[in-house]
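# Structural characterization, general
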Amino acid sequence: MKFLISLAFKNLTRYKRRTLITASAIAFGLMMYIFVDSMLKGAEYESVRNLKWYETASARILNEEYWENRFQKPLDLSISNPDRILSRLDAEKITATKRISFGGDLILNKEDFGEEGNLPVSVFAIDTERDFDVFEFGDTLMSGRFLEPGEDAVVLGSWMAEDIGAEVGYWITIVARGNGGFYEAMDLEIVGILNCPNPNVNRTLVMMPFDTADDYLAMDGAATEINIKLPVNADVDSEVVRIQNMLNGDSLTVMGWETMAKDFLALAEAKRGGTGMILFLIFIIAAVGISNTMLMAIFERIRELGMMRSLGMADNKIRLAFMIEAAGIGIVGSLIGLVLGIGADFFIVEKGIDFTSIMRDMDMGYRIQGVFRGEWNPMTMVKAFIAGIVISSLVAYFPTKRALKMDIPSCLRHQ
Amino acid sequence: MIKVENVVRNYHAGETVVKALRGVSLEIGKGEFLSIAGPSGSGKTTLLNLIGCIDEIDGGEILIKDEKISTMGKKEKTNFRRINLGFVFQTYNLIPVLTAYENVSFVLSLLNLSEKEIQERTMAILKEVGLEGMENRRPSRLSGGQQQRVAIARALVKNPEIVLADEPTANLDSDTGKEILELMKEMNRKHNTTFIFSTHDKMVMEYASRLVMLHDGQILSDEKR
C-alpha cells in the first residue's frame, strides 16, 4: 500500500500541467458549490427572517374561515374581540398585536401627483402602540414619521412611493368596502415612507392607524388578524398548539409562519433543487475532466502497466494505484477549491453581492431587497472536500478497468 | 523444469488466422542459459510470453515445475509470475518517476517482505549488477545499459527460478549489449537461475549454452553447446 501511494503521488508530478488543469476544474466546481450553497443559505436565512419580521410574524391568530378566503380579505371573517385575546396573550407573556388587513383602490389626485390614476392595494391597519413590538418596522423609516393613533394618515413602502411618485405630505384616497359591503373613501395624508428590507412588503406597503380604519370600515373593534412574535429559539409548532388550546371555543385558528409561507418555502426548495442540478452538472464536467485525464495517463502508461502485470502485480492493485493517483488530483483540486471557496465565502458573508437593481424590478421570491449575504457552512465545506476526492477517485475506475481488459502482450507491445 | 508440449498459438487478425506457434515441444532444465532465436515473426516472443504465463495457449500444454499453465486461472497465473518468474524487456520498461532503487524494490513489495529485507536485497542486487551508488538515480539519468542493468536487477531481486528476456540487447549498442549478456551469464552461473532469452542477433546467440531456432512457429533446430 505504501508503495502504491508513493507511486501514485510520484506519477502526479509526472504530468504537472495536466494535473493542475484537471485539479483546477475540481477546484472551480468545489468553489462554486461552497459559494452558491453559502449564498442560498444566506438568502434563505435572511428571507425567513424578513418574512417573520415584516410579513407573517412567528404565528398568527385568524378567524377559522379566514385563511381559505384570505385572497378576498373578508372583513366579516374577523376576530370580534381582539383586545380580550391580546389580554390573555399578555398574561401568558406572549407578544402580539392586532391588525386589519383589507383591499382597496388607491386613488392618486392630480394636485399632488401631477396626473390622476388608481391602483389596487392591500392596506394594513396597525395598532400604532404595539405593532413595532411584533414587526420590525421601527428602524425602517426613510422620511417623514410613523403613524399616530386616530389620524387620517398612511405610511408607504419606499418602492411603492417611488412607483407612484409619492412624497411625504401628499394626499391619497383609498376606496374600500367596509364591513357590511358599503363603499368608503378615505382621504389620507402620507406622513412617512419606510424602506423595508423585504421587497414584497416594500413594493406594496400601505399602512394606516388601526382605529382610523376601524372607524371608516365599521369594524366595531374587530381585527382580521392577531400577529404573534415568539422568541427566536421557540418551537413554533408547539407554541401554536399551546396558543390554539388557549383559544378553544373562540372559533379561531392559529397558524405558524411556515404554514403561511408555504409558497416561499416550496419556492426556496425548488431553487435549491435547481441550483443543486447546476452544481451537479459542474461536478459532472469536472468528473469528465478527471476521467479524461486518467484515461490519457493510463493509455500513455500501457506498457508500464503491462510490465507491472507481468511482474505479478494484481489488477486490483493496479486499479487501486490509479484510483489513488486520481484521488491525489482530487485532493489538490479540493484543497485549492476549499481555499477559493472560503475566500469567496468570506466575501459574500462579509460584503455580500448587491442585486438591488435586479430585485427592484423582478420578484425572485426571496425576501431580500438587494444585498445577498452568505452563511458560513463548515459542514458543506467538509462534504464538498470529501466528495471532490471520492468522485475523482471513482471516475478513475472506469478507464483503468478498460485498460486492464487489454491482454498483457498487447500492453507490452503498445506504442 | 519447463516442459513445452506440442504448443499451438493462433492469433486472429480480422478473418485471417495467424499461426504463431504450430506444435512446439521443448524441455528446459534448471540453470540453462537458453536462447530462442529466429527471424521476425518466427514466434520467439509468443513462446516466451506463453512460458511467462502472460498469454493463452490454444493447444498443447506447458508445465513449469510440474504445474500445468493451461489450467491456471488469471489470479493463479499472477501469483505464479510474482513468485517464480522474472522479466527483462527490450525497452527496459522502468517506471520513470521511480529511482533505480524503487524500480527494483517494488517487486519485493509485492511479496509483502519486511522493509529491512527489501532494503538489504535491493541494495545487494544493485551492487551485483554494478549499480552501487546509482540507487537514487531516476531512469532518465541512467544510460541504456544502466537501465537494462536495473531491469535485470528487478528480474533477479526476488530470486526467481526463471528469467525471461525478450530481445534484451536489441536497444543497446554492441559493446553494451555484450556487457549485459556477460552480466546475465554471470547471474545465471551465480544464482543457477534459468535464463531464456529471445534474439535475432548472431552475436547474442553466441552467448547461449543452448540455441533453439524457430521458423514460422516451428522449431528448426535445438542445439546444445
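Refer to the preceding data block for the structure.
First, a word on what this report is: a plain description of the structure on this page. (Residues numbered from 1 in each chain as written. Chains lettered and ligands numbered in written order. Predicted model: local features only at pLDDT ≥ 70, side-chain atom pairs only at ≥ 80, totals over all residues. Heavy atoms only, no water.)

## With respect to the overall build of chain B
Rules: The secondary structure listing takes helices from DSSP runs of H or I that are at least 4 residues long and strands from runs of E that are at least 2 residues long, numbered from the N terminus. C-alpha atoms define the radius of gyration, and 2.2 Å times the number of residues to the power 0.38 defines the globule rule. Burial status follows relative accessibility: with a 1.4 Å probe on protein chains alone, a residue under 20% of its type maximum counts as buried, one over 50% as exposed, and anything between as partly exposed. Note on contacts: a residue pair qualifies if any of its non-hydrogen atoms lie within 4.5 Å across the two residues. All tallies of charge rest on Lys and Arg as positive and Asp and Glu as negative; His and the ends of each chain are not included. The location of each charge is read from NZ of Lys, CZ of Arg, CG of Asp or CD of Glu.
Check the secondary structure of chain B and you find seven helices and 10 strands. Its C-alpha radius of gyration of 17 Å places chain B within 12% of the 17 Å reference for a compact globule of 225 residues. Considering only C-alpha atoms, chain B reaches an extent of 50 × 40 × 35 Å along its principal axes. Within chain B, the fraction of its 225 residues that count as buried is 55%. Here the analysis covers contacts within chain B between residues at least 6 apart in sequence; of these, 69% occur between residues at least 24 apart. Taking the average place of the 30 positive charges on the side chains of chain B and the average place of its 31 negative ones, the gap between the two points comes to 2 Å.

## What about the packing of aromatic side chains?
Residues and elements named next belong to chain A. Rules: Working definition: rings of Phe, Tyr and Trp (its six-membered ring) pair if their centres are within 6.5 Å, and the pair is stacked with planes under 30 degrees apart, edge-to-face with planes over 60 apart, and tilted otherwise.
In total, this model carries 10 aromatic pairs over all chains according to the counting rule given. Measuring from ring centre to ring centre gives 6.3 Å for Trp-53 and Tyr-54, while their planes differ by 80°; the resulting arrangement is edge-to-face. The class of Tyr-54 is buried, set by a relative accessible area of 5%. Plain terms: the ring middles of Phe-132 and Phe-146 are 4.6 Å apart, the flat faces sit at 65° to each other, and that makes the pair edge-to-face.

## Points about a nonpolar patch on the surface
All names here are of chain A. Stated precisely, the cut-off is as follows: Residues form patches when they are more than 30% accessible in relative terms and have no salt bridge. Like charges link within 9 Å. Nonpolar side chains (Val, Leu, Ile, Met, Phe, Trp, Tyr) link within 5 Å. Residue-level accessible areas treat just the shown protein chains as cover; the underlying method is Shrake-Rupley with a 1.4 Å probe. Here, a salt bridge means any Lys or Arg side-chain nitrogen found within 4 Å of an Asp or Glu carboxyl oxygen.
Together, Met-1, Ile-5, Phe-9, Leu-320, Ile-331 and Leu-335 make up a nonpolar patch on the protein surface, roughly 500 Å² of accessible area in all. Going through the elements one at a time, helix H1 (2-12) and helix H13 (315-350) are the ones with two or more residues in the nonpolar patch. At three residues, H13 tops the list of elements feeding residues into the nonpolar patch. Residue placement: Met-1 occurs in the segment before H1. On the basis of relative accessibility, which here comes to 59%, the residue Met-1 falls in the exposed class.

## Quick word on a negative patch on the surface
Taken together, the side chains of Glu-64, Glu-65, Glu-68 and Asp-76 of chain A define an acidic patch exposed on the protein surface. By the element assignment, Glu-68 of chain A lies in the loop between strand S1 (59-63) and helix H3 (82-91).

## Regarding the packing of helix H5 (residues 144-156) of chain B against helix H6 (residues 174-191) of chain B
Residue and element names in this part refer to chain B. Basically, it comes down to this: Note on definitions: angles span 0 to 180 degrees between N-to-C directions of axes, and those axes are lines fitted to C-alpha atoms, for helices only across the stretch in contact. By definition in this entry, angles of less than 35 degrees are roughly parallel, angles greater than 145 are roughly antiparallel, angles of 65 to 115 are roughly perpendicular, and the rest are oblique. Take the far helix as your reference; a near helix turned counterclockwise from it by less than a right angle gives a left-handed crossing, and one turned clockwise gives a right-handed crossing. In the scheme used here, Gly and all other residues not listed as nonpolar or charged are polar, with Ala, Val, Leu, Ile, Met, Phe, Trp, Tyr, Cys and Pro taken as nonpolar and Asp, Glu, Lys and Arg as charged.
Taken N-terminus to C-terminus, the directions of H5 and H6 make an angle of 20°; their axes are 10 Å apart at the nearest point. Taken together, H5 and H6 sit at an angle that is classed as roughly parallel. Crossing hand, H5 versus H6: right-handed. Contacts between H5 and H6 involve Gly-145, Gln-148, Arg-149, Ile-152 and Leu-156 from the former and Thr-176, Glu-179, Ile-180, Leu-183, Met-184 and Met-187 from the latter. Residues that form the contact of H5 with H6 fall into these classes: six nonpolar, three polar and two charged.

## Side note on the interface of chain A and chain B
Rule in force here: In short, buried area is how much 1.4 Å probe accessible area vanishes from two parts on joining, totalled over both. Definition of a polar contact: a pair of N or O atoms within 3.5 Å, with one able to donate and the other able to accept a hydrogen when the atoms are protein atoms, and with sequence-neighbouring residues admitted only if both atoms are side-chain atoms.
Taken together, the 21 residues of chain A in the interface contact 23 residues of chain B. On the chain A side of the contact with chain B, Phe-3, Lys-10 and Leu-311 of chain A bury the most area, a combined 29% of that side's loss. Where chain A meets chain B, there are three salt bridges. Between Glu-102 of chain B and Lys-10 of chain A there is a salt bridge, and its shortest N-O distance comes to 2.2 Å. Taken together, the links from chain A to chain B amount to five residue pairs in polar contact (both at pLDDT 80 or more). Breaking the side of chain A that touches chain B down by element, the ones donating at least two residues are H1, helix H12 (302-310) and helix H17 (408-413) of chain A. It is H12 of chain A that provides the largest number of residues to the side of chain A that touches chain B, a total of six residues. Here the side of chain A that touches chain B is composed, by residue class, of 11 nonpolar, three polar and seven charged.

## Examining the sheet that holds strand S2 (residues 16-28) of chain B
One key point about sheets: their strands pair by backbone hydrogen bonds, in either a parallel or an antiparallel sense. Residues and elements named next belong to chain B. To keep it simple, the criterion reads: Any two strands with at least two DSSP-identified bridges between them are counted as paired.
Spatial strand order, S2-S1-S4-S5: four strands in an open sheet with antiparallel pairing. Only two strands of the sheet have a single neighbouring strand rather than two, namely S2 and strand S5 (67-68). Examined bridge by bridge, strand S4 (residues 59-64) and S5 share two bridges and lie antiparallel to one another. When the bridges of S5 are listed, Ile-64 appears paired with Glu-67.

## Some points on the nonpolar core
In plain terms, the rule: To define a nonpolar core, start from buried Ala, Val, Leu, Ile, Met, Phe, Trp, Tyr and Cys residues and group those joined through side-chain atoms within 4.5 Å.
The biggest cluster of nonpolar side chains holds 101 residues, and the ones touching the most others in it are Ile-51, Ile-62, Phe-106 and Ile-196 of chain B. Sort the elements by how many residues they give to this core and H13 of chain A lands first, with seven residues. Excluding residues that lie within four positions of it along the chain, Phe-106 of chain B makes contacts with Phe-3, Met-307, Met-308, Leu-311 and Met-313 of chain A together with Ile-95 and Arg-154 of chain B. If you look at the next biggest cluster of nonpolar residues, it comprises 38 residues, including Ala-43, Val-236, Ala-261 and Val-349 of chain A.

## Some details on the pairing of strand S7 (residues 183-194) of chain A
All names here are of chain A. In terms of strand pairing, strand S4 (residues 141-144) meets S7 through three bridges, oriented antiparallel. Across the sheet, the residue bridging to Leu-141 is Leu-194, located in S7. Pairing geometry for strand S6 (residues 171-177) and S7, over seven bridges, is antiparallel. By the bridge assignment, Ile-174 is partnered in S7 with Met-186. The antiparallel hairpin formed by S6 and S7 contains five residues in its connecting segment, where Gly-180 sits at a positive phi of about 120°.

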